[in-house]
Structure formats: structure tokens, C-alpha cells
Amino acid sequence: MGLVAAKIEPSAKEDIVGGLTQALAETAVETLKAQNFHWNVTGMAFGPLHELFQKIYEDHFEAQDTLAERIKAFDVHAEGRYSVYLERSAIEEHDGRTDARTMIEVLLKDQETLSSTLSALAQVAEEHGDWATNDLATNRIEVHDKFAWFLRAHLKTTAA
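Residues numbered from 1 in each chain as written. Predicted model: local features only at pLDDT ≥ 70, side-chain atom pairs only at ≥ 80, totals over all residues. Heavy atoms only, no water.

S.K.: What should I look at first to understand the overall build of the chain in this one?
M.R.: Scanning the chain from N- to C-terminus turns up 5 helices and 0 strands. Put simply, the chain runs from its N terminus to its C terminus through helices and strands in the order α-α-α-α-α. Here the chain has a C-alpha radius of gyration of 17 Å; the compact-globule value for 160 residues is 15 Å, and the two agree. With the principal axes as the frame, the chain shows a C-alpha extent of 55 × 35 × 20 Å. The buried share of the chain, reckoned over its 160 residues, is 44%. Partitioning the contacts of the chain with sequence separation of at least 6, the portion at a separation of at least 24 is 81%. A total of about 8,800 Å² of accessible surface is found on the chain, and carbon and sulfur atoms cover 52% of it. Of the side chains in the chain, 15 bear a positive and 27 a negative charge, and the two mean positions are spaced by 2 Å. (Helix = DSSP H or I, 4+ residues; strand = E, 2+ residues; numbered from the N terminus. Rg over C-alpha atoms; globule rule 2.2 N^0.38 Å. Buried < 20%, exposed > 50% of the residue type's maximum accessible area, 1.4 Å probe, protein only. Contact = heavy atoms within 4.5 Å. Areas by Shrake-Rupley, 256 points an atom, 1.4 Å probe, with all protein chains shown as cover. Lys, Arg positive; Asp, Glu negative; His and termini not counted. Charge placed at Lys NZ, Arg CZ, Asp CG, Glu CD.)

S.K.: Is there a simple way to explain the pattern of salt bridges in this structure?
M.R.: Side-chain pairs of opposite charge can arise where the charged atoms are in close proximity. Within the structure shown, the criterion is met by 7 salt bridges. Its salt-bridge partner being Glu 51, residue Lys 55 comes within 3.4 Å of it at the nearest N-O pair. You can see Lys 55 and its partner Glu 51 sitting in helix H2 (residues 46-73), 4 residues apart, about one turn around the helix. (Salt bridge = Lys/Arg side-chain N within 4 Å of Asp/Glu carboxyl O.)

S.K.: Just to check I follow, could you spell out the nonpolar core for this structure?
M.R.: General note: in soluble globular proteins, nonpolar side chains tend to be found buried as a group. Core analysis: the largest hydrophobic core is formed by 24 residues, its most contacted members being Leu 20 and Phe 74. Contributing elements (two or more residues each) for this core: helix H1 (10-40), H2, helix H4 (100-127) and helix H5 (131-155). The element that contributes the greatest number of residues to this core is H1, accounting for 9 residues. If we skip the residues at most four places from it in the chain, Phe 74 touches Ala 5, Ile 8, Lys 13, Ile 16, Val 17, Leu 20, Asp 130 and Thr 133. Counting 18 residues, the second-largest nonpolar core is a separate cluster that includes Phe 37, Ala 100, Met 103 and Leu 108. (Core = buried A, V, L, I, M, F, W, Y, C linked by side-chain atoms within 4.5 Å.)

What follows is the structure in C-alpha cells.
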């Protein structure tokens, strides 16, 4: 039987909220990076990349709210400072001064990092019977894996 956030034991709560906070930090950094790339992408693939980068940052902006609200379900403060996000995040910020291929490669690596972070969170949530967090993490994994596929497809030079 699954547990609601308020009924989860304190040590489990700490583990789960830690994973949610990690995912929130990485999602926030990735949101701004994708928007930065959206603004600054150039080249022959400008149109489709401009659009893809926008889809990524818009999705991630909404995901930040979902992750923060889940943290609040545990009656814990949801961090909202980029300085803290940057200290915590495995995803680094970028100044946006690079070519389109590098932008794709950077965002691809980041999507894979987010998927990995959320996989760890899903596992911790499952171990503690927190099905709501497990479901949230699993749904986000699917989104990040799909964005990774789209980005990887842009790097292909031959048919699969």
C-alpha cells in the first residue's frame, strides 16, 4: 500500500525530498540553458532547433512547478534560488556562445543526466512506498528520454 507524503517516515522523506530537490535544481538550470540556446541558435537548422529548444524549455518550466509542488506536499521548503541550483546541479549553465551542433550535444547530455537523476528518485520513492513521487519521476523520465531521442536524431548523419 502506498503512503501519502505526510505519512512517510522522516528518513524516507529526507531521501525523497533530496531527490526531488536535485531534480528541481537540474531542471531549472536546464530550462534556462535551453531558452538561452533557443535565443542564440544559428545555422541551416535554425528553424527546427529554435522550435525544439523552445519545446524543451517550456516543458521544463512546467516541470519545475510540478517538482516544487511535490516537495511542498512533504511540508518542506521548495528552494527557488539559482545560486543554490547551480551548486547542487550536475547540469552546468552555459553562456550560449557556441555552434548548433555543440548546443545539441550539450542538451542531449543534460537530458540523459535528468533521466538518470529521476531514475534514482523513482527507485528511492518505490523503496519507500511513495507511488506519487515514483509516478512523477517515471513520467519525467519518459519526457527526458524523448527529448534525448529528438536531439540525438539531429546528430545522425546517415539513416538508421
